[in-house]
Structure formats: structure tokens, C-alpha cells
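Coordinate analysis (summary)
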Amino acid sequence: MNKKEQYAAWYRQSIENPSQFWEARAHDYLSCFQPWQKVCYWDYTTADIRWFEGAKLNVAYHCLDRHLQHDAQKIALIFERDEPGQSEHITYQTLYEKTCQLANALLQLGVRKGDRVCIYLPMIPEAVIAMLAVARIGAIHSVVFGGFSPQALHDRIKDADCKLVITANEGVRGGKVVPLKANVDQALEIPTSVTQVLVIQNTQTKVPMNVLRDLYYHEVVNHQPKHHEPVPLDAEDPLFILYTSGSTGKPKGVLHTQAGYLLYAAFTFDYVFDYQPQDIYWCTADVGWITGHTYLVYGPLSQGATVVLFEGTPQYPTPSRFWQVVEQHRVTTLYTAPTAIRALMGAGDQYVTAHDRSSLRVLGSVGEPINPEAWQWYYQVVGEKRCPILDTWWQTETGGILLAPFLGVAEQRPGCAGLPFFGVVPAIVDVAGNITPPDVAGDLILRQAWPGQMRTVFGDHKRFVQTYFRKHSGCYLSGDEAKQDQQGYVTVRGRADDVMNISGHRIGTAEVESALVAYHCVIEAAVVSMPDALSGEAMAAYVVLRADYIWESDLEKKLMQQVSAVIGKFAKPKKIYCVEVLPKTRSGKIMRRLLRKIANHELSDLGDVSTLANPESVTALIDALQKKNISSEA
Ligand code: WTA
């Protein structure tokens with residue numbers, strides 16, 4: 001059977017007989033202390049999803065201990081620091097020992113099964129060690145991206161009721177210092193359930209320590225025994241919570257569990273990237289996002305892969321940085337985001353061609369639609385037309401890749417995410433829930449369950465049901481708009497809801513709006529996205545000020561700072577317009593479609609404005625924008 005035939009046969013089986021299909025894969029990919037009794041059960045009405053019930057396993061055991069017999073001295077992590085020329089190789093044996101030491105320390109500090117541990121770290125080996133150690137003792141990690149502000153960190157710690165935070169004195173990214181410990185101090189100013197903070201001394205800088213709460217990581221970890229018996233956990237015990245943005249203001253704590261997630265991470269990693277044991281695999285995503293969880297940590301380590309862990313950014317100190325790392329470590333598989341590809345494309349080909357990329361075999365893309373121009377550059381210049389491009393579509397909620405142009409199976413089509421993975425049944429539907437004809441866009445839904453999908457929103461199962469399973473009953477709603485052609489290829493166009501994707505970061509418009517409205521002189525705000533050549537999408541914000549306030553030139557800066565303080569710098573709008581009133585429908589809804597067109601200067605085609613309660617607002621809006629553009633050009 002060739003790969004195409006195998007894909008077709010497996011796909012059919014995965015849909016017609018999921019239990020049989022996934023049982024066979026679990027035998028290939030999972031090593032359990034105790035076997036499962038039932039492969040799968042799902043009910044999309046109540047959003048009750050369970051895989052491999054009865055099985056007992058440990059994800060950290062899977063990612064470490066299993067490899068020690070034959071591969072103890074194999075490199076697990078190649079750690080590449082922000083500054084070039086400083087790399088460190090960490091074997092599976094060392095990673096195992098360091099994880100066991102932290103697991104023992106956490107137990108000594110009173111962390112128990114089911115407790116939540118917040119990880120707020122830069123891209124350093126301890127981030128991986130922390131995730132594995134927390135998982136090893138059956139606690140639940142909640143990794144918060146280091147770019148989040150103290151307030152955003154506080155909100156996440158509070159929502160998950162974390163007991164302990166693992167952080168570093170500071171991080172270094174692109175030559176800039178990130179004051180992680182200071183952010184944690186600020187986040188914990190208003191009391192939370194956190195009783196202890198473990199601080200990694202990552203740079204020379206001394207930071208203030210709170211004697212009642214803070215402990216140096218090395219002081220509690222380094223003397224611990226290098227062995228720890230893994231705790232057998234139930235298949236559906238929680239593994240981690242990861243916060244992501246949705247259409248409402250409050251980020252959702254996406255909860256993933258043990259067996260289904262691990263199997264899906266391992267199998268997709270192996271199949272999609274055509275993993276070979278000698279590969280040097282580099283995923284550039286931060287551990288603070290789902291790609292970092294599934295394809296930097298759990299997928300590759302479960303397969304015993306050698307993974308590059310990079311602390312820095314693509315353009316520091318020069319736009320050659322990525323290609324220099326590829327050359328130096330002989331990277332075979334590169335998995336990165338379109339936003340990085342576009343930025344590097346803009347810097348010029350000479351930065352790429354100056355480095356030997358002959359080790360590269362497969363190039364992956366994730367996080368946002370890849371525009372055909374960036375696709376072509378990635379394919380022709382970076383991969384020298386030798387390496388296939390894997391445009392992988394998935395979400396925090398899906399746990400792993402759902403659509404991709406599988407190697408040896410699908411055609412390479414720029415901008416098209418390709419075919420469904422096993423067990424994944426995509427459909428494109430209109431508002432009424434009818435499947436659209438080929439090539440007609442609509443809501444991308446998934447009609448069957450797969451092992452890697454999220455199980456609930458932490459602490460709010462009702463929200464899980466309402467967000468994902470209500471609009472098209474019996475199906476999972478992705479929130480993306482897509483189209484599918486006659487051969488089954490899916491092209492994802494972007495979000496269909498109020499979620500923006502800025503440089504691959506998921507940001508809810510409502511989150512930014514509530515940050516703006518929290519500023520004392522703003523009474524109303526509306527945020528829309530605009531296309532942007534570099535970041536894919538950029539954000540424009542419209543604000544209405546209290547009647548007794550007038551727009552001052554530094555207000556825009558202050559409002560930008562406000563968004564940085566509430567969420568993080570990465571969520572700052574590109575432009576902020578002050579308007580007297582927002583266009584609203586008679587039912588009181590802000591007409592975002594109109595705001596989007598105005599922000600994009602598509603003034604000749606504003607569409608139907610007959611449902612507006614205040615049509616005069618449109619002229620006032622256009623005036624306000626033009627005035628602002630003239631003043632900013634002056
Ligand atoms: C978008 C990242 C088009 C999409 C793994 C999705 C993509 C959101 C692609 C999830 C792709 C991700 N093509 N769009 N290949 N990959 N997206 O949760 O809108 O950070 O819903 O997960 O990113 O973002 P998240």
C-alpha cells in the first residue's frame with residue numbers, strides 16, 4: 001500500500017469505526033500502566049467527551065523514562081540562547097533527572113495531584129522541565145506566555161486558583177529584558193491563592209525576594225533525589241489548562257486531559273512531520289501557546305525526538321538568526337508561523353542564502369493563514385524547492401493538527417491547509433446549518449470527536465457547551481470561516497467571530513475593548529481588524545470619550561499603554577480613533593462591519609447601512625478619521 005492508499009484506508013476506518021482505529025493507534029503510541037476498558041465515548045449535546053477510560057498512565061513517564069533504556073544519551077533538547085554562540089545540549093537522561101528533582105521539590109512544597117501550578121517562564125529548559133514535573137505528580141499546569149502583563153497574569157492565576165508560580169528573575173528576548181519576577185510581584189499584589197513562588201536565577205540580575213513567599217529554584221531543587229516514581233493517572237485526569245481568547249471579554253481556560261491528548265500529540269507529530277529518529281526538529285513557538293505545548297514538548301518528547309529550544313526572536317541580532325541556527329544544528333524540520341516568515345521575507349534573501357540549509361527536509365507553518373506570497377518564498381528561497389510546506393490548521397481547543405497537506409498524500413497548494421487528519425470530519429455550513437456547495441465559504445465545523453480535543457472550559461462547563469456545541473447542534477464549532485473544494489481540500493480564511501489573529505496571537509476584540517473602557521475617560525470602545533502585510537491582521541480601535549473630556553495628543557499613547565498594562569504589549573492597537581458616537585443598529589449592536597470598512601478606507605462601498613439607528617454617525621466617523629490621518633501625516 002502506498003501512502004495515499006494507506007491514508008484513504010485509515011481515514012475511512014477512523015470515521016466508520018473510530019474505536020477500532022484509535023485502539024490500534026493507542027497500541028502503537030501509548031504505554032499505559034493499566035489498559036483502557038472503553039476506547040471512546042462522546043455526546044456533543046452535553047459536551048461529554050471521554051477517551052481510553054480505565055487506562056492509567058503518566059505523560060512525563062511517556063516523554064522521559066520510556067526512552068532511558070535505549071536512548072538515555074540521546075539529545076532531548078538543544079537549547080539555543082538569545083545571544084548567538086551559546087548552546088547547550090541536554091540528554092534524555094539529564095532531562096529525566098532534572099524533571100524528577102523538580103517533581104520531588106514540588107511534592108515537598110505541598111503540591112498535590114489536581115493542584116494548579118502557574119508557569120510564567122521564558123523559553124529556557126526549565127519551562128519544559130516544569131511542565132513535565134507538574135504533569136509527573138498529577139498536578140495541572142497553566143502556562144502563561146511571558147508577554148502577558150501583570151494584570152493578565154493575575155486574572156489567569158485567579159481563574160485557575162493556582163497554588164504555586166514558577167518564574168524566573170527575568171527573561172531575555174531579542175536583546176531585551178523581560179521583568180518576569182517583577183510582573184509576578186505585581187500580579188500577586190492583590191491576594192490570590194498562590195502561597196509560593198519558585199524563582200529561577202536565569203540572568204545575573206538580583207531581584208527582590210519576598211521571604212514569606214519566594215524561594216530560589218536552585219535552592220529547593222538541586223539537592224533533591226534524581227529519581228521519582230511516576231504517579232499513575234486516569235486517562236481523563238486533567239493535564240493542563242491553557243488560556244485562550246474568545247468572543248467575550250474573559251479568556252477561557254481550555255482544559256486538556258491525559259491519554260487522548262498524548263496519543264493525538266504523539267501520532268500527529270509522527271505522521272504529519274514524517275518523523276525520523278535522526279531528525280533535528282525545531283518548533284519556534286513559545287511554550288506559552290498551544291503549539292509550544294503539543295509540538296515543542298509533548299508530541300516530540302513522547303517520540304524521543306531531538307528538539308531545538310530557542311530563547312530568542314527571528315531577527316535578533318540580525319535576520320540571519322533562524323538560518324544560522326538551522327545551519328549550526330543541522331535542523332531537518334522547521335515549524336514556524338507565517339508572521340515570522342513574512343518578516344524574514346521582508347528582510348531580504350541574502351540573510352537566508354548566506355547559510356547552508358541543506359539539512360532541511362520539511363517546513364511547517366501554523367497559527368494563521370499563510371498568504372501565497374509568503375508560501376512561495378518559504379518554499380523557493382528557504383527550502384530551495386526541495387522541502388514540502390506543511391500548512392497545518394488547528395487550535396488551542398483541538399489539541400493538535402486537524403488539517404494539513406500530508407506528505408505523500410496531498411498536493412501542495414499555497415494557502416490551502418489541505419486534508420483532514422484521521423478521525424477528523426470537517427464540514428462547511430451556512431447560517432442555517434446546511435452544507436455549502438464546493439468552494440462556497442461558511443462556518444468550519446467538525447462532526448465527530450477526536451482524542452486530542454479539549455474536554456471543558458476550566459470551571460465553566462456551560463460556557464464550553466454554549467461556545468462550541470450550540471450554534472450547529474451535534475457539531476463542534478471552530479469559529480473559523482473556510483471553504484472546501486470537490487476533492488475535500490479545506491482553505492481556512494480566518495476567524496468568523498470577534499477574535500483577531502495578530503502576528504499569530506489570538507486576541508479577542510472584547511478583551512481589548514474592555515481594557516480601553518476601563519480607562520477613566522473612555523465610555524465606549526469598538527475594536528476591528530485590518531489586513532496588515534506583516535502581522536497578517538492589525539487592530540484599529542474606535543473610542544468614545546466622556547462628554548467632559550477632549551482628545552489630547554498624548555491620549556492615544558496612554559490608551560496604548562492601557563492595553564499593554566491590561567493584556568500585554570502584543571495586544572496594542574495599531575491605530576486609535578476618537579469618535580463622538582459609534583454606528584449602531586436599532587437593536588443597539590455596534591456595526592463592526594462598517595467600522596472595519598472605514599478603518600480600511602473602503603469608503604466607496606460601505607454596504608447596507610439602512611439598519612443603522614444613527615446613520616449620521618457614518619459621516620462624522622469618516623470626518624474623524626480623515627482629520628486624524630491628515631494630522632498624523634503632517
Ligand atoms: C488560526 C494555534 C489558517 C485560526 C495552533 C484558528 C490558522 C486560530 C491556521 C487558532 C492555518 C491556526 N491556517 N488559520 N494553518 N492555524 N489558524 O488557538 O483562526 O492560538 O482558529 O492555535 O488560529 O489559534 P490558536
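These remarks concern the structure in this document.

Conventions adopted
- Residues numbered from 1 in each chain as written.
- Predicted model: local features only at pLDDT ≥ 70, side-chain atom pairs only at ≥ 80, totals over all residues.
- Heavy atoms only, no water.
- 1 Å grid on protein atoms, 1.4 Å probe; cavity = no way out; pocket = protein on both sides within 12 Å on 5 of 7 lines; lining within 4 Å.
- Points joined across faces, edges and corners; volume = space filled by probe spheres on them.
- Helix = DSSP H or I, 4+ residues; strand = E, 2+ residues; numbered from the N terminus.
- Nonpolar A, V, L, I, M, F, W, Y, C, P; charged D, E, K, R; others polar.
- Phe/Tyr/Trp six-rings, centres within 6.5 Å; stacked < 30°, edge-to-face > 60°.
- Buried < 20%, exposed > 50% of the residue type's maximum accessible area, 1.4 Å probe, protein only.
- Lys NZ or Arg CZ within 6 Å of the ring centre and 35° of its normal.
- Expected span 1.5 Å × (residues − 1).
- Pairing = 2+ DSSP bridges.
- Contact = heavy atoms within 4.5 Å.
- Axes fitted to C-alpha atoms, helices over the stretch in contact; angles between N-to-C directions.
- Parallel < 35°, antiparallel > 145°, perpendicular 65-115°, else oblique.
- Left-handed = near helix turned anticlockwise from the far one by under 90°.
- Core = buried A, V, L, I, M, F, W, Y, C linked by side-chain atoms within 4.5 Å.

Some details on the layout of surface pockets
One number sums up the size of the second largest pocket: a volume of about 450 Å³. Residue lining of the second largest pocket: 21 residues in total, with Trp551, Cys578, Val579, Ala624 and Lys627 positioned closest to the centre. Breaking the lining of the second largest pocket down by element, the ones donating at least two residues are β32 (575–578) and α20 (616–633). Tallying contributions element by element places α20 first for the lining of the second largest pocket, with nine residues. Across the lining of the second largest pocket, the residue classes tally to eleven nonpolar, four polar and six charged.

With respect to the packing of aromatic side chains
Summed over the entire model, instances satisfying the criterion amount to 55 aromatic pairs. Geometrically, the ring pair formed by Phe21 and Phe267 is tilted, given 6.3 Å between the ring centres and 45 degrees between the ring planes. Of this pair, Phe21 sits in helix α2 (residues 18–29) while Phe267 sits in helix α10 (residues 259–272), placing them 246 residues apart in sequence. Grouping residues by exposure puts Phe21 and Phe267 together as buried. Considering the side-chain rings of Phe322 and Trp323, the 5.9 Å spacing of their centres and the 80 degrees angle between planes classify their relative orientation as edge-to-face. Overall, the relative accessible area of 3% leaves Phe322 in the buried class. With relative accessibility at 2%, the residue Trp323 sits in the buried group. Arg25 extends its terminal NZ or CZ atom over the ring of Trp10, reaching a point 3.9 Å from the ring centre. When the ring centre of Phe148 is taken as reference, the NZ or CZ atom of Arg156 above it lies at 4.1 Å.

Some words on helix α18 (residues 555–566)
With twelve residues, α18 should cover 16 Å at 1.5 Å per step; its first-to-last C-alpha distance of 16 Å lies within 8% of that length. Buried residues of α18: Leu555, Glu556, Leu559, Met560, Gln562, Val563, Ser564 and Val566, and no others. Taken from the residues just after α18, Gly568 is the one with a positive phi, measuring 160 degrees.

A few points about the sheet that holds strand β11 (residues 196–200)
A sheet is described by the order of its strands in space; here eight strands give the open sequence β12-β11-β8-β6-β7-β14-β15-β25, paired in mixed fashion. Single-partner strands in this sheet number two, and they are β12 (214–216) and β25 (456–457). Relative to β11, strand β8 (residues 164–168) runs parallel, the two sharing five bridges. Residue Val165 lies in a different strand from β11, and its bridge partner there is Val197. Relative to strand β14 (residues 238–244), helix α11 (residues 290–302) is tilted by about 140 degrees, and along the sheet it contacts β7 (140–143), β14 and β15 (252–257).

Side note on the sheet that holds strand β31 (residues 536–545)
Spatial ordering of the open sheet is given by β30-β31-β32, a layout of three strands whose pairing is mixed. Edge positions in the open sheet fall to β30 (522–532) and β32, since each of these has one partner strand only. Going across the sheet, the axis of each strand differs from the next one's by a mean of 20 degrees, ignoring polarity. Where β31 and β32 come together, four bridges link them in parallel fashion. Note that in β32 the partner of Ala540 across the bridge is Lys575. Relative to the sheet, helix α17 (residues 509–517) contacts β30 and β31, its axis offset from that of β30 by approximately 140 degrees.

Topic: the packing of helix α13 (residues 338–347) against helix α15 (residues 372–382)
Viewed as axis vectors pointing N to C, α13 and α15 meet at an angle of 70 degrees, and their least axial separation amounts to 10 Å. It follows from the interaxial angle that α13 and α15 lie roughly perpendicular. On the side of α13, the interface is formed by Ile341, Arg342, Leu344 and Met345, while α15 contributes Glu373, Ala374, Trp377 and Tyr378. The class makeup of the residues in the contact of α13 with α15 is six nonpolar, no polar and two charged.

Considering the packing of helix α7 (residues 150–160) against helix α8 (residues 180–187)
Following both chains from N to C, one finds α7 and α8 inclined at 60 degrees, their axes separated by 8 Å at the closest point. Overall, the two elements α7 and α8 adopt an arrangement that is oblique. When the axes of α7 and α8 are compared, the crossing they make is right-handed. On α8, the residues touching Pro150, Leu153 and His154 of α7 are Asn183, Val184, Gln186 and Ala187. Across the contact of α7 with α8, the residue classes break down as four nonpolar, three polar and no charged.

Some words on the nonpolar core
If you look at the biggest cluster of nonpolar residues, it comprises 179 residues, and the most contacted ones within it are Phe52, Ile166 and Tyr298. Not counting residues within four places of it along the chain, the set of residues in contact with Ile166 comprises Leu102, Leu106, Val117, Cys118, Ile119, Tyr120, Leu121, Ala130, Leu198, Ile200 and Tyr217. In this structure, Trp282, Trp323, Leu344 and Ile370 belong to the second largest nonpolar core, which totals 27 residues.

Considering unusual backbone geometry
A cis amide bond links Tyr316 with the next residue in sequence, Pro317, at an omega value of -5 degrees. Within the secondary structure layout, Pro317 lies in the loop between β17 (306–310) and α12 (321–329). Positioned with a positive phi, Asp274 is a non-glycine residue whose angle comes to about 50 degrees. Relative to the assigned elements, Asp274 resides in the loop between α10 and β16 (280–283). The backbone of His601 sits at a positive phi, close to 60 degrees, despite the residue not being glycine. With respect to the element layout, His601 can be found in the loop between α19 (592–599) and α20.

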